[in-house]
Amino acid sequence: MAGNTYDSYRESVAGRANVADTPALAAYYQQLEQLDAGALWTVANKIEPWQPKSESVPVLWRYRDLREHVLRAVELVTPEQAGRRVVYLNNPGRREVSAAVGWLYSGLQVMNPGEAASAHSHSASALRFIMEGTGAYTIVDGHKVMLGKNDFVLTPNGTWHEHGVAAYGTPCIWQDGLDIPLVNAMEAGFYAVHPDLQQAITHPVDDLTAIWGAKGLHPQKGDWDKRYSPLFKYEWEPTYEALTQYARVSDGSPFDGVLMNYVNPVNGGPVMPTIGASMQLLRPGEKTRAHRHTGSFIYQVAKGSGCSIINGQRFEWTERDIFCVPSWAFHEHSNASSSDDACLFCFSDLPVMHSLGLYREEALAENGGHQVASG
Ligand code: 1HN
C-alpha cells in the first residue's frame, strides 16, 4: 500500500517531508497512481537521502575459492560457445544488474594456449588486469598488445577488441573490469560483432607502448584526439619501479599510502572517460587512516597480503584476491603484519564523479581516524 511505504520515509525534521496518512490522502495517492503520477512528499526522503546510501555491500572474493571454478569453465564451454568465458563477480546487493559494486562490473576470464575469443565492440569501456599465465594478448583496433602478470590493458568504448593466448603460452586468467552497469543505467549500450570475427593486425606489435610508454617523454608526432589514453597497456615492472621510487622520497598519503594513478600521457587525465585506475603501495608496517568518498572501487591484490576495514568490517586479503569498496564507505588498509610490500591495483568510476561534479570525501574524525572492526 502507498500509505505504508510512505510512512517509513517520514522524518520529524524541519524541511523534510512529514505528512501523516489520512483516508483522504490514501485515496488521493491511489488516484495519482492511476495516472502514473505520485505525490513527491511520499518519496522525497527516499530519493533524497542525507548522504549516499550504497545498495552494494563490501565483499572480498578470495582467489583460492574462485580459481578452480574459473578453470572448470574451460572444460564446460568453449570461447566460441560462450563468446567470453567468464565467471563474473556479483555483489549481493546488486544482483539484478550483474554489478560487482555500484555501476561497475568485474569478472574473471580464462583462456587456454591456442584459444582466441572473437572481436567485438560495445559502448561499455573495459580494462583487463592479468592475474596468471603467459602468452596472453589483446588486439584493440588493430593494435596487438602482449600481456604479462600484473599488466593492465584498456579496451575503450567503441574499439574492436579480441583476446587470445599464444600456442606457446600457459592457461591465462585475467580480471575484466567494465562500466557496463553504468552504460546500461544510462540506456546507452550498443554491441556489435566484428564482420570477420577476427580483426587484422594493422600496426607493429606493442607499437603504442613504444610510442607513448616513455616516462616524461612525448612523441613529436603524438597526434591523438581520442577521449581515452593512447597507451593501451600499463606494464607491471615500470609501475612497481615508479611506486618504489616515489616511496623512497615521500610518505605518500595518510589515507592511501603511496598511490599513483594510471594516466593518459596526452593530458595527465584518467585512462578512460568513465573508468580510472591506480596502483597503491603499502609499505611493511603501514596502516592507513580511514576515509570515505563518493565513487565505487574494485581492488585487486597485485602483491603481498594485508587487511582492510570497510564500513567496520575486516577483510584479510592476499595476492590475487579482489574486494570492493562501495561509495561513501569508510575504508582503511593495513600492511602492518608483513615484512614485504603490498600493492593494490584499483579501478573505479572516479572520472565520472569528478567530471559530473559529484566527488566528495571525508576523513573519519573519531577514534584517532580508525574504525572499530568486526568480522
Ligand atoms: C567483454 O567484452 C569482455 O571483451 C569480457 O573480454 C567481459 C562482460 C560484459 C560485457 C562485455 C571481453 C564482458 C564483456
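Rules used throughout
- Residues numbered from 1 in each chain as written.
- Predicted model: local features only at pLDDT ≥ 70, side-chain atom pairs only at ≥ 80, totals over all residues.
- Heavy atoms only, no water.
- Helix = DSSP H or I, 4+ residues; strand = E, 2+ residues; numbered from the N terminus.
- Rg over C-alpha atoms; globule rule 2.2 N^0.38 Å.
- Buried < 20%, exposed > 50% of the residue type's maximum accessible area, 1.4 Å probe, protein only.
- Contact = heavy atoms within 4.5 Å.
- Areas by Shrake-Rupley, 256 points an atom, 1.4 Å probe, with all protein chains shown as cover.
- Pairing = 2+ DSSP bridges.
- Axes fitted to C-alpha atoms, helices over the stretch in contact; angles between N-to-C directions.
- Near = heavy atom within 4 Å.
- Polar contact = N/O pair within 3.5 Å; in protein donor to acceptor, adjacent residues only side chain to side chain.

- An unreviewed UniProt entry lists the protein chain under the name Gentisate 1,2-dioxygenase, from Caballeronia udeis.

1. Quick notes on the overall build of the protein chain
Then, in step 1: Looking only at helices and strands, the protein chain features nine helices and 22 strands.
Then, in step 2: The globule rule puts the C-alpha radius of gyration for 375 residues at 21 Å, and the 23 Å found for the protein chain is close to it.
Then, in step 3: Here the C-alpha coordinates of the protein chain stretch approximately 75 × 55 × 45 Å along the principal axes.
Then, in step 4: Looking at the protein chain as a whole, 51% of its 375 residues qualify as buried.
Then, in step 5: By sequence separation, contacts in the protein chain at least 24 residues apart represent 74% of the contacts at least 6 residues apart.
Then, in step 6: Within the structure as shown, the protein chain displays about 18,200 Å² of accessible surface, and the carbon and sulfur contribution to it stands at 53%.

2. Quick word on the sheet that holds strand S9 (residues 161-165)
Then, in step 1: The antiparallel open sheet is built from five strands, whose spatial order is S7-S6-S9-S4-S11. The strands lining the two open edges of the sheet, one partner per strand, are strand S7 (143-147) and strand S11 (191-193). Recorded for the sheet is a direction-independent mean angle of 25° between the axes of neighbouring strands.

3. What to know about the pairing of strand S16 (residues 297-303)
Then, in step 1: The buried count for S16 comes to seven of seven residues, which makes it a mostly enclosed element.
Then, in step 2: In the sheet, S16 pairs with strand S19 (residues 322-325) via four bridges, with the strands oriented antiparallel. By the bridge assignment, Phe297 is partnered in S19 with Val325.
Then, in step 3: Relative to strand S21 (residues 342-348), S16 runs antiparallel, the two being bridged by six bridges. Opposite Tyr299, over in S21, you have Cys346 as the bridge partner.

4. Brief notes about the site of the ligand
Then, in step 1: Taken together, Arg84, Tyr105, Gln109, His120, His122, Arg128, His161, His163, Asp176, Leu178 and Ile180 make up all the residues around the ligand.
Then, in step 2: One nitrogen or oxygen atom from the side chain of His120 is found 2.6 Å from an oxygen atom belonging to the ligand.
Then, in step 3: Relative to its free-state accessible area of 330 Å², the ligand is covered by the protein chains to the extent of 88%.
Then, in step 4: Where the shell around the ligand is concerned, the elements lending two or more residues are strand S3 (105-111), strand S4 (116-122), S9 and strand S10 (172-178).

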